[in-house]
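Structure at a glance
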Amino acid sequence: MSLDKNQIAARIARDIPRGAYVNLGIGQPTLVADHLPADSGVVLHTENGMLNMGPAATGDDIDPDLINAGKIPVTELPGSAYFHHADSFAMMRGGHLDVCVLGAFQVSARGDLANWHTGAPDAIPAVGGAMDLAIGARRIFVMMTLFAKDGTPKLVPECTYPLTGVGCVNRIYTDLATFLINPDAVVVRETFGISFAELAERLDVPITAAMTAASPGSR
Amino acid sequence: MSLDKNQIAARIARDIPRGAYVNLGIGQPTLVADHLPADSGVVLHTENGMLNMGPAATGDDIDPDLINAGKIPVTELPGSAYFHHADSFAMMRGGHLDVCVLGAFQVSARGDLANWHTGAPDAIPAVGGAMDLAIGARRIFVMMTLFAKDGTPKLVPECTYPLTGVGCVNRIYTDLATFLINPDAVVVRETFGISFAELAERLDVPITAAMTAASPGSR
Amino acid sequence: MTARICETAAEAVAGVEDGSTVLVGGFGMAGMPVRLVDALIEQGAKDLTVVSNNAGNGDTGLAALLAKGRVRKVICSFPRQTDSWVFDGLYRAGKIELEVVPQGNLAERMRAAGAGIGAFFSPTGVGTPLTEGKETREIDGRTYVLEYPIRGDVALIGAYRSDRMGNLVYRKTARNFGPVMATAAGLVVAQVSEIVETGALDPEAVVTPSIYVDRVVRA
Amino acid sequence: MTARICETAAEAVAGVEDGSTVLVGGFGMAGMPVRLVDALIEQGAKDLTVVSNNAGNGDTGLAALLAKGRVRKVICSFPRQTDSWVFDGLYRAGKIELEVVPQGNLAERMRAAGAGIGAFFSPTGVGTPLTEGKETREIDGRTYVLEYPIRGDVALIGAYRSDRMGNLVYRKTARNFGPVMATAAGLVVAQVSEIVETGALDPEAVVTPSIYVDRVVRA
């Protein structure tokens, strides 16, 4: 069976080390927080200036001064800290976050990320913190469906959409498979409801099975 | 009568605008603080991370965690703020201080400052924050004796000592005269116990009397 | 000079000139100085360049300033939001210029302006359309793009508390761009929820020292 | 990963390798992590490059590390002090290398390392012997010198309080280089006066968020 978005989020949550500092991108990546064990010690960063962000706020806990990067009211946990935007992005750019989980329109076989613009000529460009996140965290995990609604793969030989970052993605978690973007190969670590052969058939990107390719050098 | 160091400090204090943010360099410039009126509203900065520094600490007020740039124990005044070194030097470099008063070995006719190194080959070089202060404040006032102990002038056509900053000095307050370093001329604003003619005679730098040269363009 | 406590928002924004670059704090509505923007609309300055993370929400604040046709150009990271119809309309009608800057570069470029940095090499946006034509350099095996300071003639920011000198503290994620913008503009105006006596703020917890603040108004 | 609370200073500095670059906090003795430096002497790492504002005072702390011959090179702004006889002796005997960096450039170069900035143009030191041979550029009519990041393998800093996650606050001017160095090293070790429960520090007043801190010891 292929995974639904909550199952992908759970799969990602399992791969986040205990005590890691993590930024969850706007949209589906925020689901990952719901699947972290209560004692994971994972500290969530939001780029609008906070560490140790808690769950979404409800009812009386809603405070317009306490929001996440998606502008949704959130809460604070014990041990949180606030800082201004230049300090927050210095933290991101300086490589201090352990993991960042981002959505994507496309990821290329060498880890290029396209997630901010579809290239449609009439679209109003808007990037936010996507480019800073893409190049800043120690490891970038992408969370996406493997195929677009029209059936075209989102794991591609070269991105056709405008790039967010070059060679920055380390892993891709999708409904049908988890991929490691290694320096020399795209490695399929696991598949969900699809065979490796079928996956290879439907993608334009050469893929390798984990058993032969996973190595200590994997990113 | 020529001025003593306290009289020079008093002369400088008179020229510091009310409410100005001021850094007083290590050594004699710190005397300026003693001559500011109680209601001057002048806020003192110390580059080791504090605004609104109070007078030197004595007795039980001495706190090893509260020192000035000269590593002398000081006090805090209401409305003070602490910040780290990168923020403190960003404040200086960014042109936010209104006035900085520095000592000098030499100042050139175009405002070059030499105050960190005598050029002696066996001296251990040590610059501290001198270069950051020299180029950072909106106006740099130098406080010095006009002549060295051997009688050579410290206001010179070109500095022979290693420079601290280029073209950064706006005014020189000395025991014998106050000078404005204007873009086109060194202007003598006032003299103390010496005639303009004698001053001109003893200096190798062309000087102009204030009455004819002071202008709105003076720095 | 220490800050002036203003009686009205009109007094706080008096003197903003046509053609000014105005930094406007806030991330969405958190930290947005709505009263100051409203006062700027009243004040009438036009042909403005606005630097802000977003390009207005709904029909009030920044959106209202845009709707009045006072803004020639917006520099921001994320103009497109669900409620950015005012900006969207102007943009599609060709009535407003847009420069999209990655959020971290936006913050860091203002930080550079405030910190006296002439330019800096950023890894963010390298290889993407948003840095096309910009100077790049490889340093230590990584490619960077050269980014220049963004300086404002005016900054309008929202903070939580000010003392009578202009020392500011913020509240939770409403801190965001305020502290950075306060360092990067000629005239810095803060709208605060509360004005307290000087000495009432903890000097260890002051976020924006008074040196950066010119005018304060309670709103 | 969140910080580890260590039982002893020896545990806190375990693993420092020969040849490491060690950032040592403090301005004079304020903020100097004396216990950590003592533990580093015990630990025995040699051939070190030490980055600190000064080059040791008296015969303890950094001066003792130097006296043991463990330091190959010192990068600092102000080595020469009334009580820097240990450094002075080594320097005059040609037994230690010295790089003098203006204090603001020292802070900003470490800030750049922590903030992912590849290099930056600074106005400090232009036209002086301390920037001889460095790349310069005129930007907007002012000359700047290109400065590169200073990164540490290890940072040893002194702070006031830590919570159990490693969030730090400092005390008065003992803050100085600590927050900057904490961002700029692979292994960050903080010596604190007190360890408090997580949640006991005001999130608005945390100066160094836990993400930057690896080990904490009470000393």
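Residues numbered from 1 in each chain as written. Chains lettered and ligands numbered in written order. Predicted model: local features only at pLDDT ≥ 70, side-chain atom pairs only at ≥ 80, totals over all residues. Heavy atoms only, no water.

An unreviewed UniProt entry annotates chain C as 3-oxoacid CoA-transferase subunit A originating from Paractinoplanes rhizophilus. According to the UniProt record, the Sequence similarities (unreviewed entry) comment for chain C reads "Belongs to the 3-oxoacid CoA-transferase subunit A family." (UniProt positions renumbered as here; feature names shortened; annotations may be inferred.)

Looking up chain A in an unreviewed UniProt entry gives the name 3-oxoacid CoA-transferase subunit B, with the organism given as Paractinoplanes rhizophilus. In the Sequence similarities (unreviewed entry) part of its UniProt record, chain A is described as follows: "Belongs to the 3-oxoacid CoA-transferase subunit B family."

All names here are of chain A. Within helix α2 (residues 85–93), eight of the nine residues are buried, which leaves it mostly tucked inside the rest of the structure. Those residues of α2 that fall on the buried side of the exposure criterion are His 85, Ala 86, Ser 88, Phe 89, Ala 90, Met 91, Met 92 and Arg 93. Downstream of α2 by a residue or two, Gly 95 has a phi angle that is positive, lying close to 80°. (Buried < 20%, exposed > 50% of the residue type's maximum accessible area, 1.4 Å probe, protein only. Helix = DSSP H or I, 4+ residues; strand = E, 2+ residues; numbered from the N terminus.)

Here we come to the sheet that holds strand β6 (residues 106–108) of chain B. All names here are of chain B. On the basis of which strands lie adjacent, the open sheet formed by three strands has the order β7-β6-β9 and mixed pairing. With partners counted over all chains shown, the strands left at the sheet margins are β7 (113–114) and β9 (155–156), one partner each. Note: β6 against β7, two bridges, orientation antiparallel. Opposite Gln 106, over in β7, you have Ala 114 as the bridge partner. (Pairing = 2+ DSSP bridges.)

This paragraph deals with the pairing of strand β1 (residues 21–24) of chain A. Two faces, one strand: in a regular strand the side chains alternate between the faces of the sheet. Residue and element names in this part refer to chain A. Along β1, one buried face is formed by Tyr 21 and Asn 23 and the opposite face, lined by Val 22 and Leu 24, is buried too. Summarising the sheet, β1 and strand β2 (residues 43–46) pair through three bridges and their orientation is parallel. The partner of Val 22 across the bridge, within β2, is Leu 44. Relative to strand β5 (residues 99–102), β1 is paired through three bridges, and the arrangement is parallel. Directly across from Asn 23, in β5, lies its bridge partner Cys 100.

Where interface size is quoted, it is often the accessible area lost as the parts come together. The partner chain A presents 35 residues to the 43 residues of chain C that form the contact. For the pairing of chain C and chain A, the buried interface totals around 3200 Å² over both sides, and the portion due to carbon and sulfur atoms is 61%. Among the residues chain C hides against chain A, the three largest losses belong to Phe 27, Lys 172 and Thr 173 of chain C. Together they make up 20% of the total. At the junction of chain C and chain A, the tally comes to four salt bridges. The shortest N-O distance in the salt bridge between Arg 93 of chain A and Glu 108 of chain C comes to 3.8 Å. If you list the elements that add at least two residues to the side of chain C that touches chain A, you get α4 (85–92), β5 (97–100), α5 (103–115) and α6 (178–183) of chain C. For the side of chain C that touches chain A, the element with the highest residue contribution is α5 of chain C, accounting for six residues. Of the residues contributing to the side of chain C that touches chain A, the split by class is 19 nonpolar, 15 polar and nine charged. (Contact = heavy atoms within 4.5 Å. Buried area = accessible area lost by both parts, 1.4 Å probe. Salt bridge = Lys/Arg side-chain N within 4 Å of Asp/Glu carboxyl O. Nonpolar A, V, L, I, M, F, W, Y, C, P; charged D, E, K, R; others polar.)

Moving on, we come to helix α2 (residues 34–43) of chain D. Two residues of an α-helix separated by three or four positions point the same way, owing to the 3.6 residues in each turn. Residues of α2 of chain D that are buried: Leu 36, Val 37, Ala 39, Leu 40 and Ile 41 of chain D. Within two residues after α2 of chain D, Gly 44 of chain D carries a phi angle of roughly 100°, on the positive side.

With that settled, the discussion passes to the side chain of Gln 103 of chain C. Tracing the sequence through the fold places Gln 103 of chain C in helix α5. Among the residues examined, Gln 103 of chain C registers a relative accessible area of 3% and is labelled buried. Here Gln 103 of chain C is in contact with Glu 47, His 85, Phe 89, Gly 128, Gly 129 and Asp 132 of chain A together with Phe 27, Asn 53, Ser 77 and Phe 177 of chain C, once residues within four sequence places are set aside.

Here the focus is the packing of aromatic side chains. Applying the stated criterion to the full structure yields seven aromatic pairs over all chains. Ring geometry for Phe 141 of chain A and Tyr 173 of chain A: centres 5.3 Å apart, planes at 55°, overall tilted. One end of the pair, Phe 141 of chain A, is in strand β8 (residues 139–143); the other, Tyr 173 of chain A, is in strand β10 (residues 171–173), with 32 residues separating them in the sequence. Each member of the pair, Phe 141 of chain A as well as Tyr 173 of chain A, carries the same accessibility label: buried. With 5.6 Å between their ring centres and 20° between their planes, Phe 87 of chain D and Tyr 91 of chain D make a pair best called stacked. Highlighted residues: Phe 87 of chain D and Tyr 91 of chain D, both in helix α4 (residues 85–92), separated by four residues, approximately one helical turn. If you follow Arg 202 of chain A out to its NZ or CZ, it ends over the ring of Phe 147 of chain A, 3.9 Å from the centre. Over the ring of Phe 27 of chain D we find Lys 71 of chain B; its NZ or CZ atom is 4.6 Å from the centre of that ring. (Phe/Tyr/Trp six-rings, centres within 6.5 Å; stacked < 30°, edge-to-face > 60°. Lys NZ or Arg CZ within 6 Å of the ring centre and 35° of its normal.)

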